[in-house]
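Chain by chain, the residues:
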Amino acid sequence: MKKSSTSNSNINKTSTRNGSSNGSNNNKSAVLSMKSENKKLAKEIKSLVLWKSPLKTLKYASLEVFFLIKTNVDRLLHQRALLLAIICLLSTVLVLIYTPGQHQHVIDVFKSKGFFMCYWLGLGILSSVGLGTGLHTFILYLGPHIASVTLAAYECSSLNFPEPPYPNEILCPEDNGNAGHIVPSLWSIMAKVRFEAFLWGAGTALGELPPYFMAKAARLSGNTTEEPENLQELEKLQKRKQKGEKLNLFDKGKLMMEDIVERVGFFGILLCASIPNPLFDLAGITCGHFLVPFWKFFGATLIGKAVIKMHIQKIFVIISFNENLVDKFIQLLAFIPFIGVRLQTPFKAFFEGQKQRLHRNTQNLSSASKGNLLASVFEYFVFAMICYFVISIINTFAQSCCKRMRKQHGSASSDVGSAKKLS
């Protein structure tokens, strides 16, 4: 009897060992299969670009656009009070615009200034909103505008440009003796472009709000699957750091950004927003995840981007396009071997053409504008940047649609599997 009982216990022990080993093997195989599926999904998403599979990319991008429109329309229809307020506001504006009266003078001012404000605000939003690669509107629009005002101030010895056509076109004021002629200073040029520069900076601050709201909504809902990818990436980087793995400089910068914002608070956000910082999206995501109050985040971002950072950028552009520095730059081009002398010609022609435009010199303007290589190159550069921005938006929409559909398919299959187990 003792031998039979001991043999039975041994059999039970071996069976439990075999069961546990089989369970661990199953878990390992499941983890490996999950990793392989994630790699396949990542590979499929990365392949969704216009230059690899154009038709498939356009299909997914159009589906994502329709999905976003439908989702936002449904949200708006559920908020009837907000929808009614928007309809009433639009109706009131239309009635005021088309009703004759003395208020039309005020409406004309709003039309001219309103377009100006929306233009620079919109350019600022496009620069930071996170659509595709982002459109570098400071390099393409605001920087050249500040440079044009700086060159015109030194050429005209005045900042009293006739309005109109300023700011659409910069012309020197008509010469009435020495009246209004000044030696332009750094501060006077900064004051001339302060309004549009502030609007652009405020637009960049508004463009940082979507990541903040997305992370905050995911945290309040308690659904970790809806968290932004950048936040999930930060959690993975923290685990890698705790394990002692080596991180590259970019990953260390991400963790440092999160640490500054989390520990220092308002002044940490202000510091990160006051310098050129491609990682500032992480600040918004971190603030949303840790439920930082809206005005604390947006106030620090607005002050940093629209006031501090904007003044730094303005000073840099104005100093760079100082009349003396421009002349020295053209002279230094001659020292570049082989192509230096050839480069001087288009630069001289460009700046000469700019000066002639300021004085309404139409005869010389037509001759200077012909064959202006530098102006043509910049126009093609702007066009190429805008095209690349549009292409990156299409790729981003297609990849997000593919990722969303795969997640829905995975959740549906897991629900079916759990239902089978229960049955």
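Residues numbered from 1 in each chain as written. Predicted model: local features only at pLDDT ≥ 70, side-chain atom pairs only at ≥ 80, totals over all residues. Heavy atoms only, no water.

Looking at an unreviewed UniProt entry, the chain carries the name Vacuole membrane protein 1, with the source organism given as Anopheles atroparvus.

(A) View of the confidence of the model for the chain. A residue-level look at the chain finds 71% of positions with pLDDT of 70 or above and a mean pLDDT of 75. Note that residues 362-371 has pLDDT below 50 and, in this model, seven contacts with residues that lie over four places away or in other chains. (pLDDT = per-residue confidence, 0-100. Contact = heavy atoms within 4.5 Å.)

(B) Layout of the packing of helix α5 (residues 137-156) against helix α13 (residues 294-320). Two elements in contact, α5 and α13, have axes separated by 9 Å at closest approach and are oriented at 55°. As judged from the angle between their axes, α5 and α13 are oblique. With respect to the hand of their crossing, α5 and α13 are arranged in right-handed fashion. Residues F138, L142, G143, I146, A147 and T150 of α5 form the contact with α13, whose own contacting residues are M310, Q313, K314, V317 and I318. (Axes fitted to C-alpha atoms, helices over the stretch in contact; angles between N-to-C directions. Helix = DSSP H or I, 4+ residues; strand = E, 2+ residues; numbered from the N terminus. Parallel < 35°, antiparallel > 145°, perpendicular 65-115°, else oblique. Left-handed = near helix turned anticlockwise from the far one by under 90°.)

(C) Expanded view of the packing of aromatic side chains. Scanning all chains against the criterion turns up twelve aromatic pairs. Between F138 and W200 the ring centres are 5.5 Å apart and the planes differ by 55°, which places this aromatic pair in the tilted class. Of the two residues, F138 sits in helix α5 while W200 sits in helix α7 (residues 194-207), which places them 62 residues apart along the sequence. For F138, a relative accessible area of 16% corresponds to the buried category. Arranged with centres 5.6 Å apart and planes meeting at 5°, the rings of F294 and F298 form a pair that is stacked. In this pair, F294 and F298 both sit in helix α13, four residues apart, roughly one turn of the helix. We classify F294 as partly exposed; its relative accessible area is 22%. (Phe/Tyr/Trp six-rings, centres within 6.5 Å; stacked < 30°, edge-to-face > 60°. Buried < 20%, exposed > 50% of the residue type's maximum accessible area, 1.4 Å probe, protein only.)

(D) Representation of the UniProt feature "transmembrane region" (unreviewed entry) in the chain within the structure. Mapped onto this structure's residue numbering, the UniProt feature "transmembrane region" (unreviewed entry) falls at residues 81-99, 119-142, 260-276, 282-304, 325-343 and 380-398. When the span residues 325-343 is considered, its composition is 63% helix and 0% strand, and the gap between its end C-alpha atoms is 17 Å. Secondary structure across residues 380-398 comprises 100% helix and 0% strand; the distance between its end C-alpha atoms is 27 Å. (UniProt positions renumbered as here; feature names shortened; annotations may be inferred.)

(E) Expanded view of the pattern of salt bridges. Under the defined criterion, the tally for this structure stands at three salt bridges. The salt bridge involving D74 is made with K70; its shortest N-O contact spans 3.2 Å. You can see D74 and its partner K70 sitting in helix α2 (residues 54-78), four residues apart, about one turn around the helix. Look at D74 and you get partly exposed, because its relative accessible area is 30%. Between E208 and K305 there is a salt bridge, with the nearest N and O atoms lying 3.8 Å from each other. In this pair, E208 sits in the loop between α7 and α8 (209-221) while K305 sits in helix α13, placing the two residues 97 residues apart along the sequence. For K305, a relative accessible area of 7% translates into the label buried. (Salt bridge = Lys/Arg side-chain N within 4 Å of Asp/Glu carboxyl O.)

(F) Inspection of the state of the cysteines at higher detail. Scanning the entire structure with this criterion turns up one disulfide. One disulfide in the model links C156 with C172; its S-S distance is 1.7 Å. Between C156 and C172, the disulfide has an S-S torsion of -70° and is therefore left-handed. Taken together, the residues C156 in helix α5 and C172 in the loop between α5 and α6 (186-192) connect sequence positions 16 residues apart. (Disulfide = S-S within 2.5 Å.)

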